[in-house]
Amino acid sequence: WERTQSMDMFISLMCRRINLEYEKDVEHLGLNSYRFIPPANAMGSHTDPDPKARNAANSCFCLKDQGFSCFKSGVLNMEPCKRSSALPKGAPIALSYPHFYQADPSFLSAVSGLSPEKEKHQFYVDVAPEFGFPLAIRPRFQLNVIIKKDKDIPMMSNFVDELVLPFLWAQDGFSEPSEEMAEAIKFGLSAPGKLSKLGGMSLLVVGGVMVLASLGWMLWVRRQMGGETFPVS
């Protein structure tokens, strides 16, 4: 695996693919790995005024013409993905990174008690470059309920027109390989060198045996010939 490569993953929870890019080298139990993370605009809105946060590729997920809200950067409306015969408009769920990490500041200011931190809330995959499989993988997402203002319900009549309210965030995967896994990888990395040395030594031993066998055969032949007489013509 190369640092210049990107990693493409399909995330079923997001109902879409996500691209990961190299960030830095990370060590796990003596093994070097390449850390891949989503770019800052992975969940960016196609209309974001900030070019660093804007993501034109996400325009196809904005279904405003079908009656679905298109949120600012950092929050994905999952209603279109969660449609069913029972819920033709989909479940009122939005997806983000935990604590609205890398989301538009307006989402964070609308609630209290959240504090986004890169190390705690970032999605990452650490890949062993020699074999291409993960030494660590931490998908982290936050589920938010979409609450819309309803004048007929007293408690919701004072809400803003649309509120994205966090109710759960979770992480999956693992942050370190097991010691058994690390040892197996280290053995796999060292095996070619050990096998080449072992192969060289084996060839030397076989060659030595063959030389000794040849010398022994020649001596035996000479002894056998020394006891024979041949007529002189």
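See above for the structure.
A brief look at the structure comes next. Quick caveat, the model's predicted, so the values are computed rather than measured. (Residues numbered from 1 in each chain as written. Predicted model: local features only at pLDDT ≥ 70, side-chain atom pairs only at ≥ 80, totals over all residues. Heavy atoms only, no water.)

Moving on, we come to the overall build of the chain. Helix and strand counts for the chain come out as 3 helices and 9 strands. Sequence-ordered secondary structure for the chain, helices as α and strands as β, is β-β-β-β-β-α-α-β-β-β-β-α. Summarising the internal contacts of the chain: among those between residues at least 6 apart in sequence, 53% fall at separations of at least 24. Surface exposure of the chain reaches about 14700 Å², of which carbon and sulfur atoms provide 61%. (Helix = DSSP H or I, 4+ residues; strand = E, 2+ residues; numbered from the N terminus. Contact = heavy atoms within 4.5 Å. Areas by Shrake-Rupley, 256 points an atom, 1.4 Å probe, with all protein chains shown as cover.)

The phi torsion of most residues other than glycine is negative, and most of the peptide bonds are trans. Although it is not a glycine, C15 sits at a positive phi angle of roughly 60°. Along the polypeptide, C15 turns up in the loop between β1 (6-11) and β2 (16-28). We note that L29 has phi near 50°; this positive angle belongs to a residue other than glycine. Looking at where L29 falls in the secondary structure, it is placed in the loop between β2 and β3 (31-37).

What follows concerns the sheet that holds strand β9 (residues 162-171). The strand order β4-β5-β8-β9 describes an open sheet built from 4 strands, whose pairing is antiparallel. Two strands bound the open sheet, and with one partner strand each, they are β4 (75-77) and β9. Mean inter-strand twist for the sheet, computed between neighbouring axes without regard to direction, equals 30°. The sheet contact formed by strand β5 (residues 93-96) and strand β8 (residues 140-148) spans 4 bridges and is antiparallel. Bridging from a neighbouring strand, A94 pairs with N144 of β8. (Pairing = 2+ DSSP bridges. Axes fitted to C-alpha atoms, helices over the stretch in contact; angles between N-to-C directions.)

By size, the foremost hydrophobic cluster in this structure holds 20 residues, and its most contacted members are M9, M14, Y97, V125 and F141. Contributing elements (two or more residues each) for this core: β1, β2, β3 and β6 (124-127). Formed by 9 residues, the second largest nonpolar core is a distinct cluster that contains A94, F107, V111 and I146. (Core = buried A, V, L, I, M, F, W, Y, C linked by side-chain atoms within 4.5 Å. Buried < 20%, exposed > 50% of the residue type's maximum accessible area, 1.4 Å probe, protein only.)

To continue, consider the packing of aromatic side chains. We describe a pair of aromatic rings using the distance from one ring centre to the other and the angle between the two ring planes. Considering all chains together, one arrives at 8 aromatic pairs under this definition. Joined through ring pairs, the aromatic side chains of Y97, Y101, F123 and F141 make up one cluster. Taking the ring centre of Y124 as reference, the NZ or CZ of R35 above it sits at 3.9 Å. (Phe/Tyr/Trp six-rings, centres within 6.5 Å; stacked < 30°, edge-to-face > 60°. Lys NZ or Arg CZ within 6 Å of the ring centre and 35° of its normal.)

Residue classification places C15 among the partly exposed positions, given a relative accessible area of 27%. Apart from residues no more than four positions distant in its own chain, C15 is found in contact with F10, M78, C81 and K82.

Now for the pattern of salt bridges. Taken as a whole, this structure holds 7 salt bridges when the rule is applied. Here R3 and D25 are joined by a salt bridge, their closest N and O atoms 2.8 Å apart. With R3 in the segment before β1 and D25 in strand β2, the pair connects residues that are 22 residues apart, well separated along the chain. Exposure remark for R3: the relative accessible area of 39% places this residue in the partly exposed category. Residue class for D25 comes out partly exposed when judged on its relative accessible area of 32%. The partner of E23 in a salt bridge is K118, and the shortest N-O contact between them spans 2.7 Å. With E23 in strand β2 and K118 in helix α2 (residues 118-121), this residue pair connects regions lying 95 residues apart in the sequence. (Salt bridge = Lys/Arg side-chain N within 4 Å of Asp/Glu carboxyl O.)

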